[in-house]
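Architecture and fold: a report
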Amino acid sequence: MTEPRMISDMRRDISDPEGFGSAARIASLLAQCGVGMDGAQTDFTIEQTDSGFTALCSVTLDPQIQALGDATDVFVTIGGNDLGFVSVASACLIQEDEALCRTAVEDAEERLDGILESERVALVALKEINPDARVHLVPYPRLLEGDLTVGSYDVSGEIEDLQGRWETGLETMADDLNETHGGFYYVGAVTDVWDGHGLAGEEPWIHSDGNIAEILHPTVEGWKATGHAYLAHLGTSILNGHP
């Protein structure tokens, strides 16, 4: 949220039989590279090699915090990548390797306190840019639900405990920041609407396969439910003055 993010680092052979990429192909690569994307720094170059020509592209997005502007309400969900959700899902759901799964979860547990502190720093920085914004801390949907084990390892139970600790930490943080800075809220309604819809739940609302950009992100149903939770939160927490 507070640092630039590289979202693409592409390398493509653009040689054709005549020794160079066609104008149409280069134009297509430029579009894929994100040239002209708002809030992005793009580096697109073409290198000549012994075998032909190679297009190199990197796209770095500006820190999200720079887009805050004069927003009145900001919903923030951060920390999943730092905690290692992808590693947990890969080891426990895709590879189904008990040792790797246990290590991934234990690593996440060890990192949690540090991640909470980093989140606090980022949230304070956000408030400094826009002191009047109401900042809403949103917990992640429960990643795993149901009775999921890998070998003899109770993955669901461990992940549920981990996310429960995280949610408690975020709620406490919201209360603390609201006292010291004002305008911080915890969106507990998200956890409620997602009950039963995590991976391995009866009706999952999280992508577990398909497009790599969507894996571990909510489905359309999940986004809709989250949106309804946001509206419910705004109605009860903000209008009634209860953080």
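Residues numbered from 1 in each chain as written. Predicted model: local features only at pLDDT ≥ 70, side-chain atom pairs only at ≥ 80, totals over all residues. Heavy atoms only, no water.

**Quick look at the sheet that holds strand E8 (residues 184-186)**
- The parallel open sheet is built from three strands, whose spatial order is E4-E5-E8. What marks the edges here is a single partner per strand, and that holds for strand E4 (73-76) and E8. On average, adjacent strands in this sheet sit at an angle of 25 degrees to one another, irrespective of strand direction.
- Pairing geometry for E4 and strand E5 (residues 134-137), over four bridges, is parallel. Residue pairing for E5: Val74 is matched across the bridge by Val135.
- In the packing of helix H4 (residues 98-129) onto the sheet, the strands contacted are E4, E5 and E8, and the crossing angle to E5 comes to about 160 degrees.
- Lying over the sheet, helix H5 (residues 155-180) contacts E5 and E8, oriented at roughly 155 degrees with respect to E8. (Pairing = 2+ DSSP bridges. Helix = DSSP H or I, 4+ residues; strand = E, 2+ residues; numbered from the N terminus. Axes fitted to C-alpha atoms, helices over the stretch in contact; angles between N-to-C directions. Contact = heavy atoms within 4.5 Å.)

**Some points on a negative patch on the surface**
- Side chains of Asp147, Asp154, Glu160 and Asp161 sit close together on the surface and give a patch of like negative charge.
- The exposure class of Glu160 is partly exposed, given its relative accessible area of 46%. (Patch = residues over 30% accessible without salt bridge, like charges linked within 9 Å, V, L, I, M, F, W, Y side chains within 5 Å. Areas by Shrake-Rupley, 256 points an atom, 1.4 Å probe, with all protein chains shown as cover. Salt bridge = Lys/Arg side-chain N within 4 Å of Asp/Glu carboxyl O. Lys, Arg positive; Asp, Glu negative; His and termini not counted. Charge placed at Lys NZ, Arg CZ, Asp CG, Glu CD. Buried < 20%, exposed > 50% of the residue type's maximum accessible area, 1.4 Å probe, protein only.)

**Some details on the environment of Gly114**
- Along the chain, Gly114 falls in helix H4.
- Sequence separation between Gly114 and Leu83 is 31 residues, and the spatial gap between their C-alpha atoms is 9.5 Å.

**Let's talk about H5**
- In this model, H5 (26 residues) spans 37 Å end to end at C-alpha, consistent with the 38 Å of a helix rising 1.5 Å per residue.
- The backbone nitrogen of Gly157 lies 3.1 Å from a side-chain oxygen of the residue at the head of H5, namely Asp154.
- Gly182 lies just past H5 and shows a positive phi near 80 degrees. (Expected span 1.5 Å × (residues − 1). Polar contact = N/O pair within 3.5 Å; in protein donor to acceptor, adjacent residues only side chain to side chain.)

**Some thoughts on the confidence of the model for the chain**
- Looking at the chain, the pLDDT average stands at 83 and 81% of residues meet or exceed 70.
- Least confident of the elements in the chain is helix H1 (residues 23-33), whose mean pLDDT is 67; most confident is E8, at 95. (pLDDT = per-residue confidence, 0-100.)

**A short note on the nonpolar core**
- Counting residues in hydrophobic clusters, the biggest one holds 48 residues, and the most contacted among them are Leu83, Leu123, Leu126, Leu137, Val155, Ile159 and Trp166.
- If you list the elements that add at least two residues to this core, you get E4, helix H3 (85-94), H4, E5, H5, E8 and helix H7 (220-238).
- Among the elements that make up this core, the one with the highest residue count is H4 (11 residues).
- In contact with Ile159, other than residues within four places in its own chain, are Val88, Val105, Leu143 and Leu144. (Core = buried A, V, L, I, M, F, W, Y, C linked by side-chain atoms within 4.5 Å.)

**Overview of the pattern of salt bridges**
- Under the definition given, this model contains four salt bridges.
- For the salt bridge of Arg142 with Glu167, the shortest nitrogen-to-oxygen distance reads 2.7 Å. Of this pair, Arg142 sits in the loop between E5 and strand E6 (149-150) while Glu167 sits in helix H5; the two residues are 25 residues apart in sequence, bridging distant segments of the chain. Across the pair, exposure class does not vary: Arg142 and Glu167 are buried alike.

**Describing the packing of aromatic side chains**
- Overall, the coordinates contain five aromatic pairs when judged by the stated rule.
- Taken together, a centroid distance of 5.3 Å and an interplanar angle of 85 degrees make the contact between Phe85 and Tyr140 edge-to-face. Of the two residues, Phe85 sits in helix H3 while Tyr140 sits in the loop between E5 and E6, which places them 55 residues apart along the sequence.
- Accessibility expressed as a relative area gives 9% for Phe85, which makes it buried.
- For Tyr140, a relative accessible area of 21% gives the class partly exposed.
- Clustering of aromatic rings is evident, with ring pairs tying together Phe85, Tyr140 and Trp166.
- Residue placement shows Lys127 over the ring face of Phe184; its charged tip is 5.4 Å from the ring centre. (Phe/Tyr/Trp six-rings, centres within 6.5 Å; stacked < 30°, edge-to-face > 60°. Lys NZ or Arg CZ within 6 Å of the ring centre and 35° of its normal.)

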